[in-house]
Amino acid sequence: MDLLPVAPIETLRKRRSAKWRYHADDMLPLPVAEMDFDLAPPIQAALHDAVERSDAGYPAPVPVLAEALKEFAGRRWGWEIDPAGVTAVTDVGVGVVEILRALARPGDPVVICPPVYPPFFDWVPEAGARLHEVPLVDGRLDLPGLERAFATRPAAFLLCNPHNPVGRVHTPDELAEVVRLATAHAVPVLSDEIHAPLVLPGATFTPILTVPGAAAVAVSLVSTSKAWNLAGLKCGTIVTASPEMAAVVDRLPPDSPWRIGHFGVLASVAAYTEGVSWLDLLLATLDDRRALLGRLLVERLPTVAWRAPEATFLAWLDCTALGAGTEPHELFYERARVALEPGPRFGTEGSGYVRLNFGTSAEILEAAITRMAAA
């Protein structure tokens, strides 16, 4: 199978997104979760068509977006979605915060499992709640720890599946236990499934709402923003499958569906309906980069350990062997001119780690590891 090409770095540096505008031109930027591949042709066509027709007005997200998501989820994961249970939101983060506002009273605890996506630490207090951390154990959910946390009756559990930054895809048995505990203790589960389309060969994604009993206690938040690189277009969805959870989402601000991007709707519909073959090619390319990164680490950076991710284009690198007191992202930034995401941003468990984005060309990836090894 052919792999997706990546433009030369001189061309990439002409992009105006945060990844390419934030750092100096001598830096290789591999921190933020933004890939370097060109947009899928059907998405390019949909956006070009809208611009040519001066079609840049207010969004009309439902039902076309809901129907497109239903079609994709059914074919991809065997997940039967009722379009009536799909609510459009600006993005997954906005969806999480608004649902937490509906669920939590000021100061209520919300459970998270660090190391985890840094905005989790901001979304909870933004909603007026407080964090209750149950760290992962060896990259897996600490189910006994979650049971103890749920027994305190928190306002919600914010789940990340696939889990960013470790790249783990939670198993059906693990998710079934989460649902059992959530049901027993009446704890709503908000499942951030933004990386779901990015499950790599060797793993299988299980949507939370396909787990028996989950509909009564869980909602899913999904988007095209990571898999098709559309974060700047602002379009996400909340999915519910029961009257109980639909009633929670009904408490969101009534203007929420109008706060998404019109281009985001157009691009998301094109991704779900016409961008699947491109997605398959992307996954093959990311699988190739994952293998390349593994080889490069063994050959050039053997002191850096990692566990190859089951999903995402993000690698969680254990640099603790570099020595106590060393902040590896600073070392690689200053000496190697490679920008990586600092591990402590994902929680205290991230000390001594960095997150590296391998959603780029083989040439850039090899250059980055070579620089890091020299540093």
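Residues numbered from 1 in each chain as written. Predicted model: local features only at pLDDT ≥ 70, side-chain atom pairs only at ≥ 80, totals over all residues. Heavy atoms only, no water.

A. Here's a closer look at the pairing of strand E4 (residues 130-133). Across 4 bridges, strand E3 (residues 109-112) lies against E4 in parallel orientation. The residue of E4 that forms the bridge with Pro-109 is Arg-130. Between E3 and its parallel partner E4, the chain crosses via helix H6 (residues 120-126), and the hand of that crossover is right-handed. (Pairing = 2+ DSSP bridges. Helix = DSSP H or I, 4+ residues; strand = E, 2+ residues; numbered from the N terminus. Right-handed = clockwise from strand over helix to strand, strands pointing away.)

B. Quick peek at the sheet that holds strand E5 (residues 156-160). Ordered by their spatial adjacency, 7 strands build an open sheet running E2-E8-E7-E6-E5-E3-E4, and the pairing between neighbours is mixed. Unpaired on one side and paired on the other, strand E2 (86-89) and E4 mark the two borders of the sheet. The sheet shows a mean angle of 25 degrees between the axes of neighbouring strands, direction not considered. With 4 bridges connecting them, E5 and strand E6 (residues 189-192) associate as parallel partners. Directly across from Leu-158, in E6, lies its bridge partner Leu-190. Against the sheet, helix H7 (residues 143-150) engages E3, E4 and E5, with an angle of about 175 degrees to E3. (Axes fitted to C-alpha atoms, helices over the stretch in contact; angles between N-to-C directions. Contact = heavy atoms within 4.5 Å.)

C. Geometry of the packing of aromatic side chains. Under the criterion given, the structure shown has 13 aromatic pairs. Arranged with centres 6.3 Å apart and planes meeting at 40 degrees, the rings of Trp-77 and Trp-79 form a pair that is tilted. When the ring of Trp-77 is compared with that of Phe-205, the centres are 5.1 Å apart and the planes differ by 65 degrees; the resulting orientation is edge-to-face. Here Phe-205 lies in the loop between E6 and strand E7 (218-223) and Trp-77 lies in helix H4 (residues 64-77), a separation of 128 residues in the sequence. (Phe/Tyr/Trp six-rings, centres within 6.5 Å; stacked < 30°, edge-to-face > 60°.)

D. Local environment of the packing of H7 against helix H8 (residues 172-185). Running from amino to carboxyl end, H7 crosses H8 at an angle of 15 degrees, the nearest separation of the two axes being 10 Å. As summarised for this structure, H7 and H8 are arranged roughly parallel, according to the angle between their axes. The element H7 and its partner H8 pack so that their crossing is right-handed. Every residue of H8 that contacts H7 at Leu-143, Leu-146, Glu-147 and Phe-150 is listed here: Glu-174, Glu-177, Val-178, Arg-180, Leu-181, Ala-182 and His-185. Its residues assigned to classes, the contact of H7 with H8 shows 6 nonpolar, 1 polar and 4 charged. (Parallel < 35°, antiparallel > 145°, perpendicular 65-115°, else oblique. Left-handed = near helix turned anticlockwise from the far one by under 90°. Nonpolar A, V, L, I, M, F, W, Y, C, P; charged D, E, K, R; others polar.)

E. Structural detail: helix H10 (residues 262-274). With 13 residues, H10 ought to run about 18 Å at 1.5 Å a step, and its terminal C-alpha atoms sit 18 Å apart, in line with that. Among the residues making up H10, those that are buried are His-262, Gly-264, Val-265, Ala-267, Ser-268, Val-269, Ala-270, Ala-271 and Tyr-272. Buried residues in H10 make contact with helix H3 (41-52), H4, E7 and helix H11 (276-300). (Expected span 1.5 Å × (residues − 1). Buried < 20%, exposed > 50% of the residue type's maximum accessible area, 1.4 Å probe, protein only.)

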